[in-house]
Amino acid sequence: MVSSSDNEDIKSTRERKNDRKIVRKQRRAQHRLLRELNINSSDTPTEHLMVCNAGLLTGLERETLDHIVGSIVSEYELIMPPRKSYCFVEFVSKIDAQVVYDKVHGRVNLPDKSTPFYLSYTKSVPRFNDCLWNSALPLGLTLIEDFVTEEEEDALLRSISWHQDDVPSSELKHRQVKHFGYEFRYDTNNVDCNNPIVPIPEEYEYLQSRFKERNCGKYTFDQLTINRYLPGQGIPPHIDTHSAFEDTILSLSLGSSSVMDFKRGDMKAMIFLPARSLLVMSGEARYAWSHGICPRHNDIIKVESGLTTRPRGTRTSFTFRKVLKGDCRCQFNDFCDTPHKTPALKITSQEAPALEQSYVHEVYEGISDHFDETRRKQWPKVVEFLDAVEIGGILLDIGCGNGKYLHRTRDVFKIGCDRSRGLAEICRKREFEILLADNLQLPYKDNSVDAAISIAVIHHLSTHERRKQAISEITRVLRPKGKCLIYVWAMEQNRNSTKSTYLRFGTSKTENKGESQHKQIVDNGLSLPIHENRTDFTHHDMLVPWKLKKGQNFLRYYHLFEEGELSQLCSEISSCQVNEVYYDQGNWCAILEKGTS
């Protein structure tokens with residue numbers, strides 16, 4: 001029989017365990033503060049409180065925190081930094097802060113969770129710029145709220161029957177889609193204007209009339225794509241193919257809101273799309289700005305009192321386009337596929353291994369010593385990714401070359417692999433953990449590493465299927481929630497009138513227009529253009545010279561990625577999501593995160 005004193009002992013033990021847990025949370029928060037924000041925590045009351053385990057990133061709404069704090073004191077300010085799992089409350093006095101601390105810390109639970117709020121005093125609070133929400137919208141972008149009524153929204157949603165076979169190809173495994181008028185092909189990002197399909201339903205005809213009434217384009221739209229996005233799903237950044245459609249593109253959001261990100265070079269903007277709103281993209285916004293929806297369950301939005309978060313529901317978008325017959329006539333040549341069209345090179349799966357053996361693997365064996373002499377500097381954005389790996393984690397460098405990223409001194413276990421025996425031997429002499437391996441068949445177990453990098457490797461694979469296989473292998477060996485960073489050479493070496501480092505060091509005095517490129521004949525009669533070093537790339541698949549000091553020249557095969565191509569390729573991998581895509585000095589870069597299931 002358990003006595004009352006025994007019950008008290010059990011209760012006391014539980015309380016001590018809970019107190020120790022709280023202390024651990026506070027210490028982690030202090031470490032994070034020092035590392036990320038350069039501010040100090042305090043062991044004594046101050047006017048500033050940090051909410052250690054909840055913020056906009058975790059889905060905490062400003063209104064929820066406002067209600068909790070506002071029910072205790074009347075004067076305070078909430079500071080909720082975007083994309084962070086913590087936030088701050090600033091009070092007019094230490095007494096108010098202490099009252100809130102005593103009533104909330106470890107006692108009030110997070111919304112819909114059994115975990116309580118954990119608070120910590122800080123000596124100051126950081127200030128965050130929400131400039132993306134204050135920036136002007138791209139030219140040609142218009143949002144019309146309440147374009148349809150709630151009754152019309154319900155009718156439109158009821159008009160669609162979703163089935164398991166509504167996903168036509170592997171490119172769309174993340175969402176369901178229906179096409180009317182013409183099928184949009186995600187493998188080519190285009191339509192076949194000579195092959196119409198079932199027309200746009202007559203029950204949507206009133207929308208066409210309303211488009212004209214509200215000056216949303218000057219023609220009747222003949223292509224409709226309906227996408228169904230479940231919470232957490234998104235779409236990679238892209239620009240709708242110029243040669244496929246006319247100027248104006250319309251997107252009607254139904255069922256749930258979402259945030260859409262726009263980007264042109266270094267310019268960024270975010271726009272909140274409420275349910276029943278119509279987004280009109282024309283001119284510069286349609287032709288020169290990429291747009292996409294980040295895959296997440298909550299969106300950060302701007303309200304009158306500041307930033308808050310909103311959970312996503314199931315969103316259905318109706319995208320109306322007018323199919324273009326003929327060449328694009330836009331003025332945005334840097335983003336247009338019409339003036340720069342080059343027939344796509346067809347490299348077959350049978351030709352690919354021999355091509356890569358001769359123009360990748362054998363080349364690196366021949367240049368390994370010279371490669372080591374010229375590849376020592378670590379790229380800052382890669383270092384930033386490496387420094388974010390948790391202490392004690394396992395980092396895998398796939399295609400590690402001479403091991404320049406295995407030099408990091410933090411407490412992370414680093415392993416590397418490479419296809420080149422010469423480069424692997426260089427790594428072995430430096431006492432790195434190294435394996436000789438092919439990135440299409442990594443010799444590591446599933447779910448075995450915490451983070452991975454693949455820097456300037458995947459562009460040496462000569463078919464879409466082989467590039468996709470390489471990324472699938474990376475995600476296979478990642479543990480759930482593990483991240484990887486991928487760098488590939490970009491077709492665009494001159495963005496926003498700024499030359500990449502590759503072009504800035506150029507010495508060529510000839511213009512590289514692509515018409516006079518010499519051809520290198522390889523096995524099976526395949527012909528590839530030879531690139532002129534330090535000039536713009538003119539084809540997606542090229543042979544790039546490597547010149548040794550002693551005069552011997554090699555030709556390396558490269559597939560040059562155009563804007564949106566890497567994000568599209570990564571989105572085809574079902575086991576991961578694309579967290580970020582960016583351009584860094586002539587490279588397209590992507591950070592992927594593996595899912596938990």
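Refer to the structure printed above.
Description of the structure in this document.

Procedures and definitions
Residues numbered from 1 in each chain as written. Predicted model: local features only at pLDDT ≥ 70, side-chain atom pairs only at ≥ 80, totals over all residues. Heavy atoms only, no water. Core = buried A, V, L, I, M, F, W, Y, C linked by side-chain atoms within 4.5 Å. Buried < 20%, exposed > 50% of the residue type's maximum accessible area, 1.4 Å probe, protein only. Helix = DSSP H or I, 4+ residues; strand = E, 2+ residues; numbered from the N terminus. Contact = heavy atoms within 4.5 Å. Pairing = 2+ DSSP bridges. Axes fitted to C-alpha atoms, helices over the stretch in contact; angles between N-to-C directions. Phe/Tyr/Trp six-rings, centres within 6.5 Å; stacked < 30°, edge-to-face > 60°. Nonpolar A, V, L, I, M, F, W, Y, C, P; charged D, E, K, R; others polar. Lys, Arg positive; Asp, Glu negative; His and termini not counted. Salt bridge = Lys/Arg side-chain N within 4 Å of Asp/Glu carboxyl O.

Here the focus is the nonpolar core. Grouped together as the largest cluster of nonpolar side chains are 31 residues, with contacts concentrated most on Leu 396, Ile 458, Ile 471, Ile 486, Leu 566, Cys 570 and Leu 592. Contributions of two or more residues to this core are made by strand S18 (394–398), strand S19 (413–418), strand S21 (449–455), helix H11 (464–477), strand S22 (478–489), helix H13 (565–571), strand S29 (576–583) and strand S30 (587–594). Once residues lying within four places of it in the same chain are set aside, the contact partners of Ile 486 are Ser 454, Ile 458, Ile 471, Ile 474, Leu 566, Cys 570, Trp 588, Cys 589, Ala 590 and Leu 592. Core analysis: the next-biggest nonpolar cluster, separate from the first, contains 26 residues, Tyr 364, Ile 426, Leu 528 and Phe 537 among them.

Remark on secondary structure: sheet strands pair via backbone hydrogen bonds, oriented parallel or antiparallel. Taken together, the 5 strands give an open sheet; going across it, the order is S1-S5-S2-S4-S3, and neighbouring strands pair in antiparallel fashion. Both edges of this open sheet fall to strand S1 (41–42) and strand S3 (76–79), since each of them pairs with a single strand only. Pairing analysis gives 4 bridges linking strand S2 (residues 48–51) to strand S5 (residues 119–122), with the strands arranged antiparallel. Residue His 48 lies in a different strand from S5, and its bridge partner there is Thr 122. Running over the sheet, helix H2 (residues 62–70) touches S2, S3 and strand S4 (87–91) and is turned about 150° from S3. Its contacts with the sheet put helix H3 (residues 94–104) on S2, S4 and S5, and the angle it makes with S5 is roughly 160°.

A few words now on the environment of Gly 392. With respect to the secondary-structure elements, Gly 392 resides in the loop between helix H9 (380–387) and S18. Look at Gly 392 and you get exposed, because its relative accessible area is 61%. Distance in space between the C-alpha atoms of Gly 392 and Asp 450 is 9.5 Å, their sequence separation being 58 residues.

Now for the packing of aromatic side chains. Going through the model one piece at a time under the given rule, you end up with 15 aromatic pairs. With 4.0 Å between their ring centres and 15° between their planes, Trp 489 and Tyr 558 make a pair best called stacked. In this pair, Trp 489 sits in strand S22 while Tyr 558 sits in strand S28 (residues 553–559), placing the two residues 69 residues apart along the sequence. No difference in accessibility class separates Trp 489 from Tyr 558, as the two residues are buried. Counting every residue linked through ring pairs, the aromatic cluster contains Phe 147, Phe 211, Tyr 219, Phe 221 and Phe 320.

Further remarks concern the packing of helix H8 (residues 352–374) against helix H10 (residues 421–429). In a pair of packed helices, the angle between the axes and the distance between the axes together describe the arrangement. Two elements in contact, H8 and H10, have axes whose closest approach is 7 Å; the angle formed by their N-to-C orientations is 35°. Two secondary-structure elements touch here, H8 through Tyr 364, Glu 365, Ser 368, Asp 369, Phe 371 and Asp 372 and H10 through Arg 421, Gly 422, Leu 423 and Ile 426. Looking at side-chain class alone, the contact of H8 with H10 contains 4 nonpolar, 2 polar and 4 charged residues.

Our focus in this paragraph is the side chain of Arg 62. Relative to the assigned elements, Arg 62 resides in helix H2. For the buried Arg 62, which has no salt bridge, the nearest side chain bearing the opposite charge is Glu 63, at an N-O separation of 6.6 Å. Those residues in contact with Arg 62 that sit more than four places away from it in its chain are Leu 78, Met 80, Val 303, Ser 305, Gly 306, Leu 307 and Thr 308.

Structurally, Asn 227 is set in strand S8 (residues 223–229). Asn 227 sits in the buried class, given a relative accessible area of 5%. Apart from the residues within four sequence positions on either side, Asn 227 is in contact with Trp 162, Arg 175, Gln 176, Val 177, Tyr 186, Arg 315, Thr 316 and Ser 317.

Next up on the list: the pairing of strand S17 (residues 315–321). Of all 7 residues making up S17, 7 are buried, and the element is well covered by its neighbours. Burial along S17 is two-sided: the face carrying Arg 315, Ser 317, Thr 319 and Arg 321 and the face carrying Thr 316, Phe 318 and Phe 320 are both buried. Where S8 and S17 come together, 7 bridges link them in antiparallel fashion. Considered in S17, the bridge of Gln 223 is made with Arg 321.

Moving on, we get to the pattern of salt bridges. As a working rule, side chains carrying opposite charge can pair if their charged atoms are close by. Applying the stated criterion to the full structure yields 20 salt bridges. With a shortest N-O distance of 3.9 Å, Arg 310 and Glu 61 are connected by a salt bridge. Pair noted here: Arg 310 is in strand S16 (residues 306–311) and Glu 61 is in the loop between S2 and H2, with a separation of 249 residues, a long-range link. In this structure, Glu 356 engages Arg 466 in a salt bridge whose closest nitrogen and oxygen atoms are separated by 2.7 Å. Linking Glu 356 in helix H8 with Arg 466 in helix H11, this pair joins segments that are 110 residues apart in sequence. One salt-bridge network, in which partners are shared between bridges, spans Glu 61, Glu 63 and Arg 310.

Topologically, Asn 333 is positioned in the loop between S17 and H8. Since its relative accessible area comes to 42%, Asn 333 is described here as partly exposed. Sequence separation between Asn 333 and His 242 is 91 residues, and the spatial gap between their C-alpha atoms is 10.0 Å.

As a further point, take the environment of Phe 332. Mapped onto the elements of the fold, Phe 332 is located in the loop between S17 and H8. Residues Phe 332 and His 242 lie 90 residues apart in sequence; the distance between their C-alpha atoms is 9.5 Å. Excluding residues within four positions of it along the chain, Phe 332 makes contact with His 242, Arg 264, Gly 283, Glu 284, Tyr 287 and Ala 288.

A sheet is described by the order of its strands in space; here 6 strands give the open sequence S6-S13-S10-S17-S8-S7, paired in antiparallel fashion. Every other strand in the sheet has two partners, leaving strand S6 (141–144) and strand S7 (176–180) as the edge strands with one partner each. Averaged over all adjacent pairs, the angle separating strand axes in this sheet is 15°, with direction ignored. Where S7 and S8 come together, 5 bridges link them in antiparallel fashion.

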